[in-house]
Amino acid sequence: MDEIRNQFKSQSLDSLAAKSIQTVGGRVFPDAPAVDDLLAFKAVVESWQGVHLPTYGQPIAGSNAVTEGTGQGTMLQAGNDNEVYRIDSIFINNTGGAPITAVVRLGTAPINTTMNSMNNQVLQPTENALIMGPFFMDSITSLGVVVTDGTAANLEWFVKWSKIDQ
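Residues numbered from 1 in each chain as written. Predicted model: local features only at pLDDT ≥ 70, side-chain atom pairs only at ≥ 80, totals over all residues. Heavy atoms only, no water.

Enquirer: Is there a simple way to explain the overall build of the chain in this structure?
Expert: Within the chain, the regular secondary structure consists of three helices and eight strands. Going from the N terminus to the C terminus, the chain shows its helices and strands as α-α-α-β-β-β-β-β-β-β-β. Excluding contacts between residues fewer than 6 apart, the proportion of contacts in the chain whose partners are at least 24 apart in sequence is 80%. (Helix = DSSP H or I, 4+ residues; strand = E, 2+ residues; numbered from the N terminus. Contact = heavy atoms within 4.5 Å.)

Written out as structure tokens, the structure reads:
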């Protein structure tokens, strides 16, 4: 068994991460002994593509979830470097008795320009807003909310998301 196949032999194609292919592939030296390893590496990459590419970008079955909370801060953060999340919708609700102004952010970029369906900038008491996706995020970018005016504890939120094939 050649060296590259030996390094991958304990992994299934389902659990094989693209990052590990890059790590094992490393530098390529075009000398005669490297030819067999390069052919083996090509076979591993083609096998991985056969498993992952047909459903690239589609939700992974059984990974749909709703995360909920109150107040400002992080709403959703990817669990590890090899995950990409698709955010389908964000529902926010003012449970208090005074108006709230809030900004929902993907990383540092705001994704809402208005708070409710009437295009008001402020979410009035007992009003709610729905921000429709899709939005995509990974471990580098988190989804969060910042309350710029009003009582943060009165902000209730729900995020509908799923993991996607990459």
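Enquirer: I keep staring at unusual backbone geometry and nothing clicks. Help me out?
Expert: In terms of backbone geometry, most residues other than glycine have negative phi values and most peptide bonds are trans. Note that the residue after glycine 133, namely proline 134, is joined by a cis bond; omega there is 15 degrees. With respect to the element layout, proline 134 can be found in strand β6 (residues 128–137). In this structure, threonine 126 takes a positive phi of about 60 degrees despite not being glycine. Within the secondary structure layout, threonine 126 lies in the loop between β5 (109–110) and β6. A residue is classified by how much of its surface remains accessible, and threonine 126, at 67% relative accessible area, is exposed. (Buried < 20%, exposed > 50% of the residue type's maximum accessible area, 1.4 Å probe, protein only.)

Enquirer: Looking at this model, I keep getting lost on the nonpolar core. Mind explaining?
Expert: Generally speaking, nonpolar side chains in soluble globular proteins are found buried as a group. Met75, Leu76, Ile87, Ile90, Leu143, Leu155 and Val159 are the most contacted members of the largest nonpolar core, which totals 23 residues. When residues of this core are traced back to their parent elements, those giving at least two are β2 (73–76), β3 (85–94), β4 (101–106), β6, β7 (143–149) and β8 (155–163). Look past the residues within four positions of methionine 75 in its chain and what remains in contact with it is Thr67, Ile90, Val104, Leu143, Gly144, Val145, Trp157 and Val159. (Core = buried A, V, L, I, M, F, W, Y, C linked by side-chain atoms within 4.5 Å.)

Enquirer: Is there a simple way to explain the packing of aromatic side chains in this structure?
Expert: Two measures describe an aromatic ring pair: the distance that separates the ring centres and the angle between the ring planes. Using the criterion set out here, one finds two aromatic pairs in the structure. For the pair tyrosine 85 and tryptophan 161, a centre-to-centre distance of 4.5 Å together with 25 degrees between the ring planes defines the contact as stacked. Here tryptophan 161 lies in strand β8 and tyrosine 85 lies in strand β3, a separation of 76 residues in the sequence. Like tryptophan 161, tyrosine 85 is buried. Aromatic side chains phenylalanine 91 and phenylalanine 158 sit 6.0 Å apart centroid to centroid with 50 degrees between the ring planes, which places their arrangement in the tilted category. Of this pair, phenylalanine 91 sits in strand β3 while phenylalanine 158 sits in strand β8; the two residues are 67 residues apart in sequence, bridging distant segments of the chain. (Phe/Tyr/Trp six-rings, centres within 6.5 Å; stacked < 30°, edge-to-face > 60°.)

Enquirer: I'm lost on the sheet that holds β4 in this one. Help?
Expert: By way of backbone hydrogen bonds, the strands of a sheet pair with one another, either parallel or antiparallel. Ordered by their spatial adjacency, four strands build an open sheet running β2-β7-β4-β5, and the pairing between neighbours is antiparallel. Strands with a single pairing partner mark the edges of an open sheet, and in this sheet they are β2 and β5. One ladder, built from three bridges, connects β2 with β7; its direction is antiparallel. Along β7, the bridge assignment pairs leucine 76 with leucine 143. (Pairing = 2+ DSSP bridges.)

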